[in-house]
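Chains, contacts and geometry: an overview
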Amino acid sequence: MTNTQVTLLQIDNYGPWTVTPEPRREADLQTLQSRLYADVSQFVGNRGGYTFFTRFDNMIAVTNGLDLEDHRVLQESIGNRYPVTLSLGVATGTDPVHALSDATTRLQEAGSAQDEDRRECLEGRIIEDDHRTDEDVQIAHFDVINATGNYTDELNAFDTFIEIEQGYAELMRHMRYAHDSLSFFVGGDNVIVVCPDLGYDEYEEAIGHVEEAVDVSLQVGVGRGKSAHDAGFAAKHALETCRADGTRVELEWES
Ligand SMILES: Nc1nc2c(ncn2[C@@H]2O[C@H](COP(=O)(O)OP(=O)(O)OP(=O)(O)O)[C@@H](O)[C@H]2O)c(=O)[nH]1
């Protein structure tokens, strides 16, 4: 049974900061956001977690293996080095959508994202070490079949981007509402999905749905693990099996 630990990271009072005392240069905001993401991704990644940039002012991380002290150190380190601070909500659950929803509620109850007095909140709970198992995290790594031959080498770069984003948008909505999963575009033609306990049939159904709806063909490798890294790494290996064997769905634990 999965038990996903999800952290919502929210920049405190960021909207007002971007326009005070007057609107800040857009290139500077983009640079700040991408550097902040890079630092958070490295900190969480070094401890076995995955961070997704999502909307940049709100990031979502799978943090199985990180305790509350790790979260506090992250906040302190960012607060020391950036002109902005982070509030964090952490929650756990057998279904990652529920866990994220609980993490969100924790922050919302602590105050608005644009409340001057809500700074560096840390709310929630983690999975204790002695309760962690090798099946806590399930990650599915989706990829567009032959994106290079069908899109990248054929269409102009923007039209390729539209096709890939259409596939992502359809998959993300379907996995959220049909399978209680959180999907994140991670670059190129790749989408990483944080899932509850799903099996072969659900993944095959999702791929069929996206193909039917937007005519984008996907393959998926799925892995399980104690941390996001362990599950995601297993998923990457399963995806390599799809590529080698021409299969659409590979579950690492069944190979
Ligand atoms: N984030 C991330 N991006 C990847 C990964 N693998 C590939 N990519 C991206 O996806 C792009 C396309 O690579 P592939 O998916 O290997 O190419 P493809 O043409 O779709 O070929 P097949 O996947 O074999 O059908 C690359 O340029 C990368 O940007 C990965 O594991 N993680």
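Conventions adopted
Residues numbered from 1 in each chain as written. Predicted model: local features only at pLDDT ≥ 70, side-chain atom pairs only at ≥ 80, totals over all residues. Heavy atoms only, no water. Domains from an automatic or database assignment. Buried area = accessible area lost by both parts, 1.4 Å probe. Salt bridge = Lys/Arg side-chain N within 4 Å of Asp/Glu carboxyl O. Polar contact = N/O pair within 3.5 Å; in protein donor to acceptor, adjacent residues only side chain to side chain. Helix = DSSP H or I, 4+ residues; strand = E, 2+ residues; numbered from the N terminus. Phe/Tyr/Trp six-rings, centres within 6.5 Å; stacked < 30°, edge-to-face > 60°. Buried < 20%, exposed > 50% of the residue type's maximum accessible area, 1.4 Å probe, protein only. Lys NZ or Arg CZ within 6 Å of the ring centre and 35° of its normal.

**Some thoughts on the domain arrangement of the chain**
Under the domain assignment used here, the chain contains domain 1 (4-131) and domain 2 (137-254). The junction of domain 1 with domain 2 conceals about 1,400 Å² of combined surface from both sides, 78% of it contributed by carbon and sulfur atoms. Of all residues in domain 1, Y50, F52 and V97 bury the most surface against domain 2, accounting for 42% of the area lost on that side. Counting every contact that joins domain 1 to domain 2 gives zero salt bridges. Put simply, domain 1 and domain 2 have two residue pairs in polar contact (both at pLDDT 80 or more) between them. Elements that contribute at least two residues to the side of domain 1 that touches domain 2 include exactly β2 (50-52), β3 (58-62) and α4 (96-110). Considering each element in turn, the side of domain 1 that touches domain 2 owes the most residues, three residues, to α4.

**Looking at the packing of aromatic side chains**
Within this structure, the stated rule accounts for eight aromatic pairs. Consider the rings of F158 and F161, whose centres lie 5.6 Å apart with planes at 70°: the pair is edge-to-face. Of this pair, F158 and F161 both sit in helix α6 (residues 157-179), three residues apart, which is roughly one turn of that helix. For F161, a relative accessible area of 42% corresponds to the partly exposed category. Residues Y168 and F185 carry aromatic rings whose centres are separated by 5.7 Å and whose planes lie at 40° to one another, so their mutual orientation is tilted. One end of the pair, Y168, is in helix α6; the other, F185, is in strand β7 (residues 182-187), with 17 residues separating them in the sequence. F185 shares its class with Y168; the two are buried. Following the ring pairs from residue to residue traces out a cluster consisting of Y37, F53 and F56. The ring centre of W17 lies 3.8 Å from the NZ or CZ of R24, which sits over that ring.

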